[in-house]
Structure formats: structure tokens, C-alpha cells
Amino acid sequence: MRRLPSSVCSPSSHRLNPVTSMATGSNSLIWFRKGLRVHDNPALEHASKASSGSMYPVFVIDPRYMEPDPSAFSPGSSRAGVNRIRFLLESLKDLDSGLKKLGSRLLVLRGEPGEVLVRCLREWKVKRLCFEYDTDPYYQALDFKVKEYASSVGVEVFSPVSHTLFNPTDIIQKNGGKAPLSYQSFLKIAGEPSCAESELLMSYSSLPPIGDVGSIGVSEVPKLEELGYREDEQDEWTPFRGGESEALERLTKSISDKAWVANFEKPKGDPSALLKPATTVLSPYLKFGCLSSRYFYQCLQRVYKDMKKHTSPPVSLLGQLLWREFFYTTAFGTRNFDKMKGNPICKQIPWKEDHDMLAAWRDGKTGYPWIDAIMVQLLKWGWMHHLARHSVACFLTRGDLFIHWEQGRDVFERLLIDSDWAINNGNWMWLSCSSFFYQYNRIYSPVSFGKKYDPEGKYIRHFLPVLKDMPKQYIYEPWTAPLSVQTKAKCIVGKDYPKPMVMHDAASKECKRKMGEAYALNKKMNGNIGDDDLKDLRRKLETDEESNIRNQRPKLN
Ligand code: FAD
């Protein structure tokens, strides 16, 4: 075994689901879901201690997540775009080859994971079941059932917290039973993670052999086509390849530039940087657990030790990792975190229902090239810079269109390769000024914000080739170009590229007015707003909007 100086987090991080008995010398099963890695994987480490027995490494292809859904708005299943499904398959393939090098392999099964697991436990006479603890609601419910079955038949369950640096339960307990709602208070309560100084197990000399699989149908990691998808379904695939090997390589590259790490300041990054993104692009690897967040943390600490001066949270690279922890903790400690209704930390706002507007935003057809290019990057790459995400989330919600954050969240949830339940919901609430951040008067301009970073419009030209010949003075507002210029650029606005769906100045003013009224109602009702109150406010806001539009029309003599 190869350990990095100082092993896995201290037992306190495993406290949620302690080892129930010491069943050595019997078969174990390691159930991979996230945590798709060999390095720093306490569930794998524990399963590998089946000294005289076999170890069954299992991944279950869950139809709920993986089955093609031809009715979805983009290729993929009902929940995930095909980019993320491919990224997951690449990660599984890489995990399988990592296990094979150690004398094991990944056993891939299909079906409802709870039922599949129970069959495996029975058939393979498993005495020890190991899987990483997962705070997402889907896994909370699934794991509860699996654990109940396992303990009823005397199978030891080991489910350590290793997806995050901290155990969200510990932080919530330390904070008197409530999740801290500000980043600063989170930092104060959290302190140093217990894994800061511990030694991480990075590799093994070998792993226990696979036992007889009996009548249970297992397969190798399937190809995309075997799941019913086609390589030509997407005209451009994400440039980011899934897997632990890729994750470690990316991490090594990022941290080898110590000065870059030490000077990292998130708000200063260029969201339009394409060839070399301004941030690490480690999010999809952290999402699937191809990279251990604890290893990432330790690597950053080592760089900081070497560099006399470095940036600090919230803007530093370490600060970014702590934002992840913050959202995991608030998500775990908040009822209905993924909804506006019934969510105690979310402002109740009478968002508009407008399917056509939502579709135009989703498909990159708003008529604002900066917004559309970002949405095309999402469709093609499944990843965009944080500030690009800010721009489009603000535009959809409180900035211009006044559409519900849950609808934007759904589009991101499907298309992002780093789609993460806690982080995505948390950031959508933030950007829509529904929670965490409340300065609704501060709105990103869909014109000047991008221009600041990329005055030539290279990013727009890349993702929207229809605008590639538009002169730079019109690239962010092509509708202002004289017809002769549009003709020369072979892009007539309204024909080859859409006219802007709203005029930003007027739309953002209207949005601010609506937010102001919604905030006032939330204050008056002390957050206890019912459906009827919201309906009344929506009606009032719409009537006011109509009369505002009427009053703004030029009066004829
Ligand atoms: P880096 O800047 O290199 O940061 C390193 C790591 O820190 C990231 O990989 C990520 O794990 C974490 N991190 C960085 N920023 C944040 C943040 N604001 N909140 C929480 N963790 C952060 N990130 C996701 O991982 N999944 C999502 O589904 C997701 N949805 C988002 C939705 C919206 C509307 C917005 C505004 C942001 C969202 N983010 C999401 C957060 C952030 O944009 C991405 O984590 C980041 O852009 C990923 O790029 P990176 O790995 O290069 O980040």
C-alpha cells in the first residue's frame, strides 16, 4: 500500500455509519456510485480487508439515470445529457483498468440499484458491504433501504464520509442543529478538516480477488452504443475526458504552477478563456469522485506552505473547495433545498411561466450573443466558467426574463458534466437572489460584462459561428449594426440570428421592481407566504407591467 504522508481522515469522519462488527476473512462488496477512484477511497480500503475472502467491486447501471429518453430536449436520458453519461462511462472504464492493474475488476450490473444489491449480497454471501456516504436525497432514501436489509441479515455496513472534507452532520451539530447560512460563519464553525494532517492511502500493491459471480449477470463497462446512444448524436462532445487518471493529471498540472495557485482570485478569472480555462476544471472529477477532495485539499496546503504569499478564502482556490463544502452542508441541513416552496431559506417570488422564453434561453437563442454563446458552450461542453454561469442564471431569473430558478436549474442539472445536486441548487438560489445573496439591484449586463474580458468577441465567434464575421464593435449587440454591415457579415439579425428577446435596460428595470415588491411581501409576511398571496402578487405585477408598457409608448397628438 502506498500512503501519502499523513492516511485517511480520522475516524470522526466515519462516525455517521460506524463499523458494526469486525467480519474479517469473509466476502466483501464495494459499491461504487460516486467515489470512482482508487486513491483515498476509505470504502474501498475497508472492503479490501477481506483477507481470506473475495472482494466484489460493483457498479449498477441505474435505468432511472441512464436509459435513453427520446422525448428529452437534448440527447441523453430523462435526467442526464449524453455528455455526462459518456463522462461517467469513461470514468468507469478508467476505474476498471485501475482495479485490473491490482488483480481485481469492476463488475457492472443493471437494474434498480437496491434490488440488484440485495441479490448480490445474497448470492455472493457477502459479509461486509462498503459504500461512500452520500448526502443527496436520492441516495439517502436508497441507502436507508439497503442498510436496513443488510443489518437484518447480519451484513456489516461501512459507509464513510469521503466525498467532502467535512461531515455535514458534524458541522450542523456544532452549529446547534442548523446549517450555517453564510460562508463566513461556515468557515468559523468548520475550522480545519480532520483530514488536513492525515495520511491518505493513494494506492495498493494488490486487491483481493473477485469471487465466483454465480448466476448474477455481470458485464464489462458498456460502450455508449450499448446503452442505446449514438456517437453522432452530439455534433461536438465535451473536450474533458472522464476518469481518475485524467483527474490526477489535471490536478498535477494545475498545482505545478505554484504561482498560479498562490495568486488565484476567482473574481479576476476570465470567463471567456477557451483554450486554457481560467480555473482548474476539476468540478466534473470532484462530482463523480474521480478526484478526492481531501487529496486536492492537501495538495493546495502544500503549495501554500511553499509560497510565502497567497490568496485566501473566499477567492482563493482553497476557498473554492470550501464553497463546495458550504453548499453541501446547507443542502444537507435544509428541508426542500431544491424547491422554492416549503424551503425555509428561500424567498417566495412570483416568477413567470413562459415556456417559449425558457426554450429560447436554453437553446441559445435570446439574441444576446454573450448569453447565447454561454448556453451553446453548456450544450456542447457541459462546462462553463463560474462567471459565465452567473451571467446566464442572472439573465434567466432576476436580471431580464424573470423565469423561475428551478427551471434554469433543471437545464443545468441535465447538461452540466459537473451537475451536482447541492452545488447547483445552492448557486441557482444565490444567483436568483432567492437565498444567500440579496442585492437584486446588482445585475449583470448581457452586453458589457462579457465585453470587459473579451472585446474582440473571440468566445462568441467560437460558439456562434454565424457571428464570426460581425465586426467587433457590433459583436455584443449585432442588432445595432447597419443592414449593410449585417449583409457583409452574412448575418442578418432576425433571419440568421435572433433579434434580442427583451431590451435589457427596460427588462432589468422591470425585474428590479418585481423583486422589490416580492421582497417587501416576504418581509411583511415574515416568510409565511401562501400560494394565494403569490398569485395575487403575480397578478398585480403583471397589471403594473402592462400599464408601464402602455405609459412608455409615445403619445400621438
Ligand atoms: P475552480 O474555480 O477551479 O474551483 C475548484 C473546485 O471548487 C470546483 O471544481 C468546485 O468543486 C468547487 N467550486 C468552485 N466554485 C464553487 C461554487 N461557487 N460553489 C461550490 N463549489 C465551487 N459547480 C458544480 O460543481 N456543479 C454544479 O452543478 C454547479 N452548478 C452551478 C450553477 C450556477 C448557476 C452557478 C453560478 C455555479 C454553479 N457551480 C456548480 C459552481 C461553479 O461554477 C463550478 O464549480 C466551477 O465553475 C467549476 O469549475 P472549476 O472546477 O474550474 O472551478
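All figures in this text were calculated on a predicted structure; none of them were measured in a lab.

**Some points on the overall build of the protein**
Within the protein, the regular secondary structure consists of 22 helices and seven strands. Here the C-alpha radius of gyration of the protein, 25 Å, is about what a compact globule of 557 residues would show, namely 24 Å. Counting every position in the protein, which comprises 557 residues, the buried fraction comes to 58%. On the protein, roughly 24,100 Å² of surface is accessible, and the fraction owed to carbon and sulfur atoms is 53%. Positive and negative side-chain charges in the protein, numbering 78 and 66 respectively, have mean positions lying 4 Å apart.

**Here we look at the site of the ligand**
Near the ligand you find 30 residues, and of these Thr279, Thr280, Val281, His386 and Asp418 are the closest. Take valine 281: an N or O atom from its main chain is 2.6 Å from an oxygen atom of the ligand. Take arginine 389: an N or O atom from its side chain is 3.5 Å from an oxygen atom of the ligand. Computed on the free molecule, the ligand has an accessible area of 820 Å², of which 99% lies beneath the protein chains in the complex. Of all the elements in the fold, those that place two or more residues in the shell around the ligand are helix H10 (283-287), helix H12 (317-332), helix H15 (386-399) and helix H17 (421-431). Broken down by element, the residue count for the shell around the ligand peaks at six residues, all from H12. Of the residues belonging to the shell around the ligand, the class tally is 16 nonpolar, nine polar and five charged.

**Things to note about the pattern of salt bridges**
Scanning all chains against the criterion turns up 33 salt bridges. Among the salt bridges present, the one from aspartate 418 reaches arginine 389, with a minimum N-O distance of 2.8 Å. Separated by 29 residues along the polypeptide, aspartate 418 in the loop between helix H16 (405-415) and H17 and arginine 389 in helix H15 bring together distant segments of the chain. Residue arginine 389 is classed as buried on the basis of its relative accessible area, which comes to 16%. Each of Glu510, Arg513, Glu517, Lys540 and Asp544 takes part in a single network of salt bridges with overlapping partners.

**Some points on the sheet that holds strand S3 (residues 55-61)**
Reading across the sheet, the five strands line up as S4-S3-S2-S5-S6 and stay open at both edges, with parallel pairing between neighbours. The sheet terminates laterally at strand S4 (107-110) and strand S6 (156-158), the two strands that pair on one side only. When the angles between neighbouring strand axes are averaged without regard to direction, this sheet yields 30°. Relative to strand S2 (residues 27-32), helix H5 (residues 137-152) is tilted by about 175°, and along the sheet it contacts S2, strand S5 (126-130) and S6.

**Some remarks on the pairing of S3**
The buried fraction of S3 is high, at seven of seven residues. The two faces of S3 match: Met55, Pro57, Phe59 and Ile61 on one face and Tyr56, Val58 and Val60 on the other face are all buried. Bridging between S2 and S3 involves five bridges; their strand directions are parallel. Along S3, the bridge assignment pairs isoleucine 30 with proline 57.

**Remarks on the packing of aromatic side chains**
Taken as a whole and assessed by the stated rule, the structure comprises 35 aromatic pairs. Considering the side-chain rings of tyrosine 368 and tryptophan 479, the 5.2 Å spacing of their centres and the 75° angle between planes classify their relative orientation as edge-to-face. One end of the pair, tyrosine 368, is in the loop between helix H13 (355-362) and helix H14 (369-381); the other, tryptophan 479, is in the loop between helix H19 (458-463) and helix H20 (483-488), with 111 residues separating them in the sequence. With 5.9 Å between their ring centres and 5° between their planes, tryptophan 430 and phenylalanine 437 make a pair best called stacked. Assessed through its relative accessible area of 22%, tryptophan 430 is described here as partly exposed. Using a relative accessible area of 17% as the deciding quantity, one classes phenylalanine 437 as buried. Cluster of aromatic residues (ring-pair linked, three or more members): Phe166, Tyr183, Phe186, Trp323, Phe326, Phe327, Trp430, Phe436 and Phe437. One residue, arginine 33, lies across the ring of tryptophan 31, its end atom 4.4 Å from the ring centre. Its guanidinium or amino end placed over the ring of tyrosine 138, arginine 64 lies 3.8 Å from that ring's centre, counting from NZ or CZ.

Each value, and the rule that gives it
Residues numbered from 1 in each chain as written. Predicted model: local features only at pLDDT ≥ 70, side-chain atom pairs only at ≥ 80, totals over all residues. Heavy atoms only, no water. Helix = DSSP H or I, 4+ residues; strand = E, 2+ residues; numbered from the N terminus. Rg over C-alpha atoms; globule rule 2.2 N^0.38 Å. Buried < 20%, exposed > 50% of the residue type's maximum accessible area, 1.4 Å probe, protein only. Areas by Shrake-Rupley, 256 points an atom, 1.4 Å probe, with all protein chains shown as cover. Lys, Arg positive; Asp, Glu negative; His and termini not counted. Charge placed at Lys NZ, Arg CZ, Asp CG, Glu CD. Near = heavy atom within 4 Å. Polar contact = N/O pair within 3.5 Å; in protein donor to acceptor, adjacent residues only side chain to side chain. Nonpolar A, V, L, I, M, F, W, Y, C, P; charged D, E, K, R; others polar. Salt bridge = Lys/Arg side-chain N within 4 Å of Asp/Glu carboxyl O. Pairing = 2+ DSSP bridges. Axes fitted to C-alpha atoms, helices over the stretch in contact; angles between N-to-C directions. Contact = heavy atoms within 4.5 Å. Phe/Tyr/Trp six-rings, centres within 6.5 Å; stacked < 30°, edge-to-face > 60°. Lys NZ or Arg CZ within 6 Å of the ring centre and 35° of its normal.

None of the figures reported here should be taken as evidence of function without further support.
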